[in-house]
Amino acid sequence: MRVRALSRLLLLLAAIVAVRLPAQVPAVTISGRVVDGESRTGLPFLTLQLRAVKDSAFVSGRLSTESGAFTFTGIKPGTYVLTTRAIGYQPIRQRVLVGELSAFLDLGLVTMRRETQTLNGVVVKADADGVAAALDRRTFTVADNVSQAGGSVLQAMSTVPGVTVAQDGTLQVRGSDRVAVLIDGKQTALTGFGSQTGLANLPASAVERIEIITNPSARFDANASAGIINLVLKKQEQRGFNGTVGFTGGAGALWVKRENLPTIRPQFRGTPKLNPSIAVNYRTGATNGFLQADWLHAPTLNKNEFSTRTYDDGTVILQQVKRNRRTDYGTLKAGVDHEVGNRNTLNVSGLFNREKIIDNGDNPYFQGSLQNRYRLWQFLEDEVKYTAFGTAVLTHNFPQPGHTLAFTTNYSFHREDEQYFFTNTRPSTVGTDAFKLLSDEHVVDLNADYIRPLRQGRVEAGFKGRYRSIPVNMQFFPGLDSPLDTGAGGWAKYRETIPAVYGNYVFENQRLELEGGMRLEGIRLNYDVNPDHNTYKSDGYSYLQLFPNMRAAWKFGDAQKLSLFVNRRVDRPNEVDIRIFPKYDEPELIKVGNPSLQPQFATSAELGYKAGWTSGSVYAAAFHRIITGTITRITTQVPGSVLLYNVFQNGGRSASTGTELTWQQTLTPRLSLAANGSLFQRTADAFSGVNQYPTPTPYAMPRQSLTSGTLKVNSLVRLPHGWQTQISAIYLAPDLLPQGRIGSRFSLDLGAKVSVQRGKGEIVINATDVLNTNQATRTTRGTDFQLVSTDYLETQVIRVGYTWKF
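Definitions and cut-offs
Residues numbered from 1 in each chain as written. Predicted model: local features only at pLDDT ≥ 70, side-chain atom pairs only at ≥ 80, totals over all residues. Heavy atoms only, no water. Helix = DSSP H or I, 4+ residues; strand = E, 2+ residues; numbered from the N terminus. Rg over C-alpha atoms; globule rule 2.2 N^0.38 Å. Buried < 20%, exposed > 50% of the residue type's maximum accessible area, 1.4 Å probe, protein only. Areas by Shrake-Rupley, 256 points an atom, 1.4 Å probe, with all protein chains shown as cover. Lys, Arg positive; Asp, Glu negative; His and termini not counted. Charge placed at Lys NZ, Arg CZ, Asp CG, Glu CD. Contact = heavy atoms within 4.5 Å. Polar contact = N/O pair within 3.5 Å; in protein donor to acceptor, adjacent residues only side chain to side chain. Pairing = 2+ DSSP bridges. Axes fitted to C-alpha atoms, helices over the stretch in contact; angles between N-to-C directions.

Chemist: When you look at the overall build of the protein in this model, what are you seeing that I'm missing?
Modeler: What the protein contains, in helices and strands, is 3 helices and 46 strands. The C-alpha atoms of the protein give 29 Å as radius of gyration, which agrees with the globular expectation for 806 residues (28 Å, within 12%). Projected onto its principal axes, the C-alpha positions of the protein cover 105 × 60 × 50 Å. With 806 residues in all, the protein has 54% of them scored as buried. Accessible area for the protein stands at about 33000 Å²; split by element, carbon and sulfur atoms hold 57% of it. Distance between charge centres in the protein, computed from 87 positive and 68 negative side chains, equals 6 Å.

Next up, the structure:
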């Protein structure tokens, strides 16, 4: 019934799509050179004018240089006429089409002859607000998300159209978590290489805008089949000394969603949230320096999961996993941009992050009833993570605007220093156990990227090389009656080498847009396992494959566009997916990696349509994705034990087919609405295999299929005295999980802000999950058991913040 209701809402939104509108786009740079038609020598100091075709209105004027070169900046997409005159030459009237696919337009040589010459028109790109003109991405400004201001990037993403935040804290795009998260267009250890880490603690105050790229071109790494999320950090570039300072404070876990099971320590209540931030910039002459610092202090009820395990032999186990977490997360970014001569720019920046986590956990286990506790597992996790990232970019700017060659080198270091101390209380014994994990990740990148604007489009080409090394050491210290598998410790080393080259071509005329690219990418991965490990041996994989992308679009006038996308991508297992060491924060549901895991490959197609009108716009898409060798987690029960082991495996073929609709409308000067809905069917073919850890255990998975979707509605109300209020409602329909499903979820967020001190200051007040309803029930079915769980973790937070610009 809920899926039907969601379908009706999507159809209702689709019915409002009729009118048109020009999209709002940024400015474009047009360049060229006026020359004599016979000698090809430049004609200096000529007056050139750009006028609109529709009414001959003057748009811009320039003088040609001594060599005849000229440049127009700040030109909006549209159709213009370029005019110039010179004694002894026929006047020039050249039609110029400024399109939407290239930020720079090269008119080439504008020749002046004594006889009439008709010259061809040209084209360019500019991205629209929200959905880009090319329909390959959507852009959202973090400051506009009033209801999530002052929280983490993960919380800010919860209201972004097309993005879902799963209960485990991962981001999903159209139902898939195979998403790469970049910072300023680069992969870093801070957010993970091909995985997602750190988003729950990275302050949203550090981010200027969020880009959702569902159809990446060949310029991007082929990893991440569901797309790319690019976090663009704040960076000021005004002349002189300027910047912003801010502070946000709040509290979460305002009341208990569900009382604890007997005999454990209390849940966190009234958890404080503190987030001071500062960003400063100094620009003088050819040099721009910037510094940004954020600190997030955020104790939270990180997990509060109640579960019932039912086995086929009649055994029933009731349990709770409660985790009180204290987190301190500090980030510092600094850099310098310097113009080296007239044609070169050097950008050097560094980022440092420290994350400190203290977890206090209680896991009680009862058999049959709450009067029969057979284990209390309590733990203290003491973890610190360090991340350091440095990048240097040398860009050579050719005389033609937009014609560039950039060389980039990146180095990323990430240390994970983790210790667990356990108290294992059984009916007749009390044991103390511990383990220590140390992991150091080193990543070196070397990139070269070339861009050449053309008369009707552009050409892009480049190279990327990466070396990544992650040595890991795990040591177990068992106590009395210990569940720790000491034979699964020791060392392992992950080594990855990736070379890649790419080429991309963009073409546009008044009606047609074409983009085609190809990326040749190889990888060699070696995972070395210490020979004393009791289950796993050294393994790895390699491939050399082509990853094409294609886009074709037809423009129905200035306000409507229909685009077709096709691409092929890959999802490579991350190091934690193949890590051989079991984790014991839950001693009876143990997670472990699989060094035999292979990449999964995905082929996607999407048909997108965008239209706009004076007060709003709509974007609709239909998509289909096929995945082979689907990476999934499989839970099995070792015979003769109630312990469950959760292991990554490659399944069979899976697919996702659906539609998405994004609509925004300014109803009155004081009221704006925006809605995003998706409806998709996910299927997974039947497959079988063997979980090798801790002992070979066969499993068989039947075919699964489920129709799911999401619906997000945002309203913005402008009140008197400069106040703005935002209401965000999010509904997530039931969805497939490995071996089961997750139930529906709903949350309601509120926010308000007002500008003060003549625009220098801003006050923000917000509350997330006001109704405290954001929790869902998960069901997992194995060969001989069923696991049903609901996580009542902290989701409701109230914040007040202030920002001052200087």
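Right, picking up where we left off after that structure.
Chemist: What should I look at first to understand the environment of Q475 in this one?
Modeler: Looking at the secondary structure, you find Q475 in strand β24 (residues 457-477). Judged by its relative accessible area of 36%, Q475 is partly exposed. Placed 15 residues apart in sequence, Q475 and G490 show a C-alpha to C-alpha distance of 6.1 Å. Leave out the neighbours within four places in its chain, and Q475 touches A434, F435, K436 and G490. A polar contact is formed between the side chain of Q475 and the side chain of N473, at a distance of 2.8 Å.

Chemist: Would you mind showing me how to read the sheet that holds strand β7 (residues 104-112) here?
Modeler: Either a parallel or an antiparallel arrangement is found when strands of a sheet pair, and the pairing is made through backbone hydrogen bonds. Ordered in space as β4-β1-β7, the 3 strands form an open sheet in which the pairing is mixed. Only two strands of the sheet have a single partner each, and these edge strands are β4 (69-75) and β7. Here the strands of the sheet are splayed against their neighbours by 20 degrees on average, with no regard to which way each runs. Summarising the sheet, strand β1 (residues 28-36) and β7 pair through 7 bridges and their orientation is parallel. Looking at β7, one finds that D36 is bridged to M112.

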